[in-house]
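# Coordinates in review
Below, each chain spelled out in residue letters.
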Amino acid sequence: MKKSLKILLASLALATCAFGFTACGTGTDNDNSGTNNGGNEQQPGDNNNDNNPTGTKEWTFEAEYTYVDDLVGAGSSNSAKGKNMILKATKASNGHYIGFTHKKDLTITFEITAAKATTARLKVGLTPAEGMNAISISPETFIVKVNDSAISYKQQNVVDNASNMNSRTFKKYDIGDVQLKEGLNIITLTIGDNDFVNGKAGGPSIDAIYLSTDDELSWIPEEDNI
């Protein structure tokens, strides 16, 4: 879907939500009404309240539902582009993740609409790429931006010693509090400068991002990717 059309649809959906129509969805503290149910239309993120403070919603946005058509990625010994970068794994939150992240400046882009300006806690679901048992993320090696502003977060080690991707767990790594504006917000994950793979840039396998806030969040998932 063209980005100009996606931005227009996001704006229309936000206006609809402001007038109280049900098309925007209304996740509550105990339901999962944000579950994606088909079509490239504005939809709430998945609402998951595990391990969250009482009254705080955690919205899930799957990496495999981002726009990937223009992406070209690399593995340790091969490459892939577009939808071929989306791989299956039993323990991924939606059964899929984005691989082939061993490429400097590779960027995964999430376009999230907020019903109003809010502060949200951002986490990223990651596991080491196939063939690796650990990889370090930091603001230099794994760049996280919200509306083009880089987020400073503590260095963390992404570790999993399982022998194959279906046995690996995609853990949530805490990036910290971020500011979302009313309307469309652009969150990007970019492979930074590092020498993790035989002296060349490497990145983790990317499952999803998670935003914890009491306020309503939505997006237009590219569900035909899988």
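One can find the structure itself at the top, above this paragraph.
Presented here is an overview of the structure given in this document. (Residues numbered from 1 in each chain as written. Predicted model: local features only at pLDDT ≥ 70, side-chain atom pairs only at ≥ 80, totals over all residues. Heavy atoms only, no water.)

Here we take up the overall build of the protein chain. Of regular secondary structure, the protein chain possesses one helix and 17 strands. Within the protein chain, the proportion of its 226 residues that are buried is 51%. Counting only contacts in the protein chain whose residues sit at least 6 apart along the sequence, the fraction spanning at least 24 positions is 74%. Accessible area of the protein chain: about 10600 Å², with a carbon and sulfur share of 48%. (Helix = DSSP H or I, 4+ residues; strand = E, 2+ residues; numbered from the N terminus. Buried < 20%, exposed > 50% of the residue type's maximum accessible area, 1.4 Å probe, protein only. Contact = heavy atoms within 4.5 Å. Areas by Shrake-Rupley, 256 points an atom, 1.4 Å probe, with all protein chains shown as cover.)

The subject of this paragraph is the environment of phenylalanine 196. Relative to the helices and strands, phenylalanine 196 is located in the loop between strand 15 (183–191) and strand 16 (205–213). Sequence separation between phenylalanine 196 and serine 136 is 60 residues; the distance between their C-alpha atoms is 8.6 Å. Here phenylalanine 196 is in contact with Met132, Ile135, Ser136, Thr141 and Gly202, once residues within four sequence places are set aside.

What follows covers unusual backbone geometry. If you check the backbone angles, aspartate 105 has positive phi at about 75 degrees while not being a glycine. Along the chain, aspartate 105 turns up in the loop between strand 7 (96–98) and strand 8 (107–114). Although it is not a glycine, asparagine 147 sits at a positive phi angle of roughly 50 degrees. Tracing the chain through its elements places asparagine 147 in the loop between strand 11 (142–146) and strand 12 (149–150).

Attention now moves to the pattern of salt bridges. One pass over the structure, following the stated rule, counts eight salt bridges. The salt bridge partner of glutamate 58 is lysine 172, with a shortest N-O separation of 2.7 Å. Note that glutamate 58 is positioned in strand 3 (residues 57–62) and lysine 172 in strand 14 (residues 171–180), a separation of 114 residues in sequence. (Salt bridge = Lys/Arg side-chain N within 4 Å of Asp/Glu carboxyl O.)

A few words on the nonpolar core. In this structure, Phe61, Phe110, Phe142, Leu180 and Leu211 are the most contacted members of the largest nonpolar core, which totals 44 residues. Apart from the residues within four sequence positions on either side, leucine 180 is in contact with Ala114, Ala117, Thr118, Ala120, Val146, Asn185, Ile187, Leu211 and Leu217. Counting residues in hydrophobic clusters, the runner-up holds five residues, among them Ala89, Ala92, Tyr97 and Met165. (Core = buried A, V, L, I, M, F, W, Y, C linked by side-chain atoms within 4.5 Å.)

Time to look at the side chain of threonine 190. Looking at where threonine 190 falls in the secondary structure, it is placed in strand 15. On the basis of relative accessibility, which here comes to 12%, the residue threonine 190 falls in the buried class. In this structure threonine 190 touches Asp105, Leu106, Thr107, Thr141, Phe142 and Ile143, once residues within four positions along its chain are discounted.

This paragraph deals with the packing of aromatic side chains. Under the counting rule described, the total for this entry stands at three aromatic pairs. Ring geometry for phenylalanine 61 versus tryptophan 219: centroids 5.2 Å apart, planes at 80 degrees, classification edge-to-face. Separated by 158 residues along the polypeptide, phenylalanine 61 in strand 3 and tryptophan 219 in strand 17 (residues 217–219) bring together distant segments of the chain. The burial state of phenylalanine 61 is the same as that of tryptophan 219; both residues are buried. Taking the centre distance of 6.3 Å and the plane angle of 20 degrees together, the rings of phenylalanine 110 and tryptophan 219 count as stacked. With phenylalanine 110 in strand 8 and tryptophan 219 in strand 17, this residue pair connects regions lying 109 residues apart in the sequence. Summarising the burial analysis for this pair, phenylalanine 110 and tryptophan 219 share the class buried. In this structure an aromatic cluster arises from ring pairing among Phe61, Phe110 and Trp219. (Phe/Tyr/Trp six-rings, centres within 6.5 Å; stacked < 30°, edge-to-face > 60°.)

The side-chain alternation of strand 13 (residues 156–159) yields one buried face, formed by Gln156 and Val158, and one unburied face, formed by Asn157 and Val159. As paired elements, strand 10 (residues 134–137) and strand 13 share four bridges and run antiparallel to each other. Following the sheet pairing, isoleucine 137 is matched in strand 13 by glutamine 156. (Pairing = 2+ DSSP bridges.)

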